[in-house]
Amino acid sequence: MIVTIDGPAGAGKTTVSRLLADRLGYTYVDTGALYRGIAYMARQKGIAPEDDEALAALCADLNLAFVADGAGHRLIANGIDVTDHIRTPEISMLASAVSARPIVRDFLLDIQRAMGRRKAAVFEGRDMGTVVFPEADVKFFLDASAQTRAQRRYKEIAHRTAQSLADVQRDMARRDANDQSRAVAPLKPAPDAICIDSSALTIEAVVTQMLDHIENA
Ligand code: DC
């Protein structure tokens, strides 16, 4: 059983996906973390996000894995725990940039599908329902107004960055534009996705709606 949750940054995907997976007793897979892991490793090696040749070499030599850690997961890249380094505004933008490169998407496609074969799971990302798991059992597209999304993200990171709300809103708009306009696997709802706007909904209300849809699927 595979449930997919796609949508733009700040729509509440992570919180909702975690809770939903927990209620269903499924594994939760944050595919954005994989793109962030590649972005982080590329930056460590001084690789530009447009350098396909260097990105190919990086991927050929890269082992990315999630390791369970209490209620969450740690991301391990070539044996190194990179979890605490991948949530900065810089890595967010770099992840969006490397995610537009087909070589990176192809590399992660196989990894994500292999994860999907292992266990019932909730997969969170941008192209889960459209490209990675077109046959998923239930697909959701979670959205919210640009202002709501920026405010949520700002609240989440305010204690650890110097970014203002306006900075967060600007970065988010740039990232949305990148993610929606790229040629390969752009961010968009699958034709058979259930679209939920979370702007005026609590997390609990979103999860309840999703559980109802899954029960009736
Ligand atoms: O979900 P996130 O904000 O952690 O994702 C970081 C970036 O990774 C996002 O801007 C686009 C890219 N991404 C993607 O292209 N496809 C996915 N399935 C998940 C993330």
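Look a little higher up for the structure.
These remarks concern the structure in this document. This one's a predicted model, so the numbers in the text were calculated from it and none came from an experiment.

Looking now at the overall build of the protein chain. In terms of helices and strands, the protein chain carries nine helices and eight strands. Principal-axis analysis of the C-alpha atoms places the extent of the protein chain at approximately 45 × 40 × 35 Å. For the protein chain, with 217 residues in total, the buried portion stands at 48%. Taking contacts inside the protein chain between residues at least 6 apart in sequence as the whole, the part at least 24 apart equals 71%.

Here a ring pair, both rings aromatic, is described through the centre-centre distance and the interplanar angle of the planes. Applying the stated criterion across every chain, the model contains one aromatic pair. With a centroid separation of 4.5 Å and 50° between ring planes, the pair formed by Phe-123 and Phe-133 is classed as tilted. With Phe-123 in strand 6 (residues 121-125) and Phe-133 in the loop between helix 6 (128-132) and strand 7 (138-143), this residue pair connects regions lying 10 residues apart in the sequence. There is no split in this pair, since Phe-123 and Phe-133 are both buried.

A separate point is the environment of Tyr-154. Along the chain, Tyr-154 turns up in helix 7 (residues 146-157). Tyr-154 gets classed as partly exposed once you look at its relative accessible area, which sits at 30%. Taking the C-alpha atoms as reference points, Tyr-154 and Val-184, 30 residues apart in sequence, are found 29 Å from one another. Look past the residues within four positions of Tyr-154 in its chain and what remains in contact with it is Gln-163, Ser-164, Leu-165 and Val-168.

Take the pattern of salt bridges next. Counting across every chain of the model gives 15 salt bridges. In this structure, Asp-179 engages Arg-182 in a salt bridge whose closest nitrogen and oxygen atoms are separated by 3.7 Å. A single burial state applies to Asp-179 and to Arg-182, both of which are buried. Here the salt bridges share partners, and the residues they tie into one network are Arg-74, Asp-81 and Asp-84.

Here we come to the sheet that holds strand 8 (residues 194-197). Pairing within the open sheet is parallel, and its five strands lie in the order 2-6-1-7-8. The open sheet has two edge strands with one neighbour each: strand 2 (27-30) and strand 8. Recorded for the sheet is a direction-independent mean angle of 20° between the axes of neighbouring strands. Relative to strand 8, strand 7 runs parallel, the two being bridged by four bridges. Bridge pairing in strand 8 links Asp-143 to Asp-197. Sheet strands in contact with helix 1 (residues 13-24) are strand 1 (2-6), strand 2, strand 6 and strand 7, and its direction is about 175° off that of strand 6. Helix 9 (residues 203-215) rests against strand 1, strand 7 and strand 8 of the sheet, and its axis sits at about 160° to strand 7.

For the rest of this paragraph, the subject is the site of the ligand. Near the ligand there are 16 residues, and of these Arg-36, Arg-105, Arg-126, Arg-175 and Asp-179 occur at the shortest range. In this structure, an oxygen atom belonging to the ligand sits 2.8 Å away from a side-chain N or O atom of Arg-175. In the complex, the protein chains occlude 98% of the 450 Å² of accessible area that the ligand would expose alone. Looking at the shell around the ligand element by element, the count peaks at four residues for helix 2 (residues 31-44). Among the residues forming the shell around the ligand, the class breakdown is three nonpolar, five polar and eight charged.

Counting buried positions along strand 1 gives five out of five residues, so the element sits mostly inside the fold. By the alternation rule, side chains of strand 1 split into Ile-2, Thr-4 and Asp-6 and Val-3 and Ile-5, which are all buried. With five bridges joining them, strand 1 and strand 6 adopt parallel strand pairing. Bridge pairing in strand 6 links Asp-6 to Gly-125.

A separate point is the side chain of Lys-139. Within the secondary structure, Lys-139 is located in strand 7. For Lys-139, a relative accessible area of 5% corresponds to the buried category. Among the polar contacts listed, one links the side chain of Lys-139 to the backbone oxygen of Pro-134, at a separation of 2.8 Å. For Lys-139, the contacting residues outside a window of four places in its chain are Thr-4, Gly-129, Phe-133, Pro-134, Ala-190, Asp-192, Ala-193 and Ile-194.

Calculation rules
- Residues numbered from 1 in each chain as written.
- Predicted model: local features only at pLDDT ≥ 70, side-chain atom pairs only at ≥ 80, totals over all residues.
- Heavy atoms only, no water.
- Helix = DSSP H or I, 4+ residues; strand = E, 2+ residues; numbered from the N terminus.
- Buried < 20%, exposed > 50% of the residue type's maximum accessible area, 1.4 Å probe, protein only.
- Contact = heavy atoms within 4.5 Å.
- Phe/Tyr/Trp six-rings, centres within 6.5 Å; stacked < 30°, edge-to-face > 60°.
- Salt bridge = Lys/Arg side-chain N within 4 Å of Asp/Glu carboxyl O.
- Pairing = 2+ DSSP bridges.
- Axes fitted to C-alpha atoms, helices over the stretch in contact; angles between N-to-C directions.
- Near = heavy atom within 4 Å.
- Polar contact = N/O pair within 3.5 Å; in protein donor to acceptor, adjacent residues only side chain to side chain.
- Areas by Shrake-Rupley, 256 points an atom, 1.4 Å probe, with all protein chains shown as cover.
- Nonpolar A, V, L, I, M, F, W, Y, C, P; charged D, E, K, R; others polar.

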